[in-house]
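# Structural description and commentary
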Amino acid sequence: MSSPMRNLLIDPARYLQCFRLFLAKSTEHQCMQEFVERQLPAVIDSIGDGKSTINILSVGGGAGEIDLLILSKVQARYPGVAINNVVIEPSADQISKYKERVAKTPNLENVKFTWHEETAYEYESRMNAEKKSKKWDFIHMIQMLYYVRDIPATTRYFHSLLETQGKLLIILVSGTSGWETLWKKYGCSFPLDDLCTYVSAGDMRKILDSAGLKYQLHELPSHMDITSCFIEGNKDGELLLDFLTETYEFSKSAPPELRRQVMEELRKPQCSEERDGKVVFNNSLGAIVVEP
């Protein structure tokens, strides 16, 4: 008898282990880096016009790898202008890695960093309690809206904080990715426990359309090697399956029939393709730039 399925987030250490393996096995960060290199300069082109300080809010900044790339582009566009970079991140472990990364990165003299160990919702509650509504020139929410209870409300709140020339960048899995296929079909069988929501850039477009907001969508092709998921008892494979299903020890706790169906689904062309003897999962992302 398998034990009941539980959400992966009940064990933050295992979640981080899964997440780091996911980054190692996927082109997640590479495809974001490419977006930042090629397309971000046009997005931020006028956010700091006429300003002595550019205010940037990073919601769910993680360990700061993408944040620092973004900052380098803002510095290149506005050389010498002071940047106030505020980070909201609920994981103390990620914040400490972010701080280590900042300490090793040159040319950040004009950037002031402030970290808050809190969720997006906790930030909003704190600002409301303090009766503050600080405005921002650039807000980015990268791969974090899955962990928000009320996505439309959270999006509306952070959008309301944009300056007149500001931009809100949201990155989520693409509506054409394997994630979308897997979640739409099996999401109701996975243990969500209110900790995680399955949302894609496709869903986000509907939310933004119904709110009457203007935006542009950029597709970011990405893939992940999930071959190890099909090797019985493989440690990496088990961690990746946990990450794909957001389930703690999915291999051990999922009912056999659900496990069989999920493994079958992961091999289908809607989720993955076979390439050089490997199973390569469609990990594509959607980057959405929302206007004020």
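Because the structure is a prediction, the values reported are computed rather than measured. (Residues numbered from 1 in each chain as written. Predicted model: local features only at pLDDT ≥ 70, side-chain atom pairs only at ≥ 80, totals over all residues. Heavy atoms only, no water.)

### Some points on the overall build of the protein
What counts, and what does not: Strands here mean DSSP runs of E at least two residues long; helices mean DSSP runs of H or I at least four residues long; both are numbered from the N terminus. The globule rule used for comparison is 2.2 Å times the number of residues to the exponent 0.38, while the radius of gyration itself is calculated over C-alpha atoms. Three labels apply to residues, based on accessible area from a 1.4 Å probe with only protein chains included: buried if under 20% of the type maximum, exposed if over 50%, partly exposed otherwise in between.
The number of helices and strands found in the protein is twelve helices and twelve strands. Relative to the 2.2 N^0.38 estimate, which gives 19 Å for 292 residues, the radius of gyration of the protein is 19 Å and therefore close to what a compact globule would have. Summarising its shape, the C-alpha atoms of the protein cover approximately 60 × 40 × 35 Å along the three principal directions. Within the protein, the fraction of its 292 residues that count as buried is 53%.

### Details of the packing of helix 8 (residues 178-186) against helix 12 (residues 256-267)
Under the convention used in this document: Interaxial angles span 0 to 180 degrees and are taken between N-to-C directions of axes, which are lines fitted to C-alpha atoms, for helices over the stretch in contact. An angle below 35 degrees is treated as roughly parallel, one above 145 as roughly antiparallel, one from 65 to 115 as roughly perpendicular, and anything else as oblique. Handedness of a crossing is defined here by the sense of rotation of the near helix relative to the far one, left-handed for an anticlockwise turn of less than a right angle and right-handed for a clockwise turn. In this analysis, two residues are considered to be in contact whenever any of their non-hydrogen atoms come within 4.5 Å of each other. Ten residues, namely Ala, Val, Leu, Ile, Met, Phe, Trp, Tyr, Cys and Pro, are considered nonpolar, four, namely Asp, Glu, Lys and Arg, are considered charged, and the remaining ones, Gly among them, are considered polar.
Interaxial distance between helix 8 and helix 12 falls to 11 Å at its minimum, and their mutual angle equals 155°. Relative to helix 12, the element helix 8 is oriented roughly antiparallel. Classified by chirality, the crossing of helix 12 by helix 8 is right-handed. On helix 12, the residues touching Thr-181, Leu-182, Lys-185 and Tyr-186 of helix 8 are Leu-258, Gln-261, Val-262, Glu-265 and Leu-266. Here the residues of the contact of helix 8 with helix 12 sort into five nonpolar, two polar and two charged.

### A short note on helix 2 (residues 28-38)
Here is the rule: Directions from the helix axis toward the C-beta atoms define the arc.
Of the residues making up helix 2, those classed as buried are Glu-28, His-29, Cys-31, Met-32, Phe-35 and Val-36. Along the axis of helix 2, the buried residues cluster in a sector spanning 165°; they form a single face.

### So, the UniProt feature "binding site: substrate" (unreviewed entry) in the protein
Put simply, the rule reads: UniProt positions are given in the numbering used here, feature names are shortened, and annotations may be inferred rather than shown by experiment.
Following the UniProt record, the feature "binding site: substrate" (unreviewed entry) maps to Glu-28 and Asn-283 here. Despite a sequence span of 256 residues, these residues sit close together in the fold, their greatest C-alpha distance being 7.3 Å. Considering the arrangement of structural elements, one finds Glu-28 in helix 2. The residues contacting Glu-28, other than those within four sequence positions of it, are Phe-22, Leu-23, Gln-143, Ser-222, Asn-283 and Leu-285. Looking at the element boundaries, Asn-283 is found in the loop between strand 11 (278-282) and strand 12 (285-290).

### Considering the packing of helix 6 (residues 120-129) against helix 7 (residues 151-159)
Close contact between helix 6 and helix 7 brings their axes to 11 Å; oriented N to C, the two are set at 50°. Classified by the angle between their axes, helix 6 and helix 7 sit oblique to one another. Relative to helix 7, the crossing made by helix 6 is left-handed. Touching Ala-120, Tyr-123, Glu-124, Met-127 and Asn-128 of helix 6 are Thr-154, Tyr-157 and Phe-158, all from helix 7.

### Here's the deal with the packing of aromatic side chains
Formally: Pairs were defined over the aromatic rings of Phe, Tyr and Trp, the Trp ring being its six-membered one, requiring ring centres within 6.5 Å. Orientation was assigned from the angle between planes: stacked under 30 degrees, edge-to-face over 60, tilted for the rest. A positively charged side chain is recorded as over a ring if its NZ (Lys) or CZ (Arg) lies within 6 Å of the ring centre. The angle to the ring normal must also be within 35 degrees.
Following the criterion strictly, the structure yields 20 aromatic pairs and no others. When the centroid spacing of 5.5 Å and the interplanar angle of 10° are considered together, the rings of Phe-113 and Trp-115 count as stacked. By relative accessible area, Trp-115 is classed as partly exposed at 22%. For the pair Phe-190 and Phe-250, a centre-to-centre distance of 6.1 Å together with 90° between the ring planes defines the contact as edge-to-face. Separated by 60 residues along the polypeptide, Phe-190 in the loop between helix 8 and helix 9 (201-210) and Phe-250 in helix 11 (residues 250-253) bring together distant segments of the chain. For the pair formed by Phe-190 and Phe-250, the shared burial category is buried. Pairwise contacts between aromatic rings join Tyr-15, Phe-19, Phe-22, Tyr-146, Tyr-147, Trp-179, Trp-183, Phe-190, Tyr-198, Phe-243, Phe-250 and Phe-281 into one cluster. The residue whose ring lies beneath Arg-77 is Tyr-78, and the NZ or CZ to ring-centre distance is 4.5 Å.

### Side note on the pattern of salt bridges
Keep this limit in mind: Salt bridges are defined by distance alone: a side-chain nitrogen of Lys or Arg within 4 Å of a carboxyl oxygen of Asp or Glu.
Counted under the stated rule, the structure contains 22 salt bridges. With its nearest N and O atoms 2.8 Å apart, the salt bridge here joins Asp-45 to Arg-77. With Asp-45 in the loop between helix 3 (40-43) and strand 2 (53-59) and Arg-77 in helix 4 (residues 65-77), this residue pair connects regions lying 32 residues apart in the sequence. We classify Asp-45 as partly exposed; its relative accessible area is 38%. Assessed through its relative accessible area of 32%, Arg-77 is described here as partly exposed. One salt bridge in this structure joins Arg-259 and Glu-232, with 3.9 Å as the shortest N-O distance. Taken together, the positions of Arg-259 in helix 12 and Glu-232 in the loop between strand 8 (223-225) and helix 10 (235-245) put the pair 27 residues apart, joining distant regions of the chain. Taken together, the shared-partner salt bridges connect Arg-20, Asp-93 and Lys-97 into one network.

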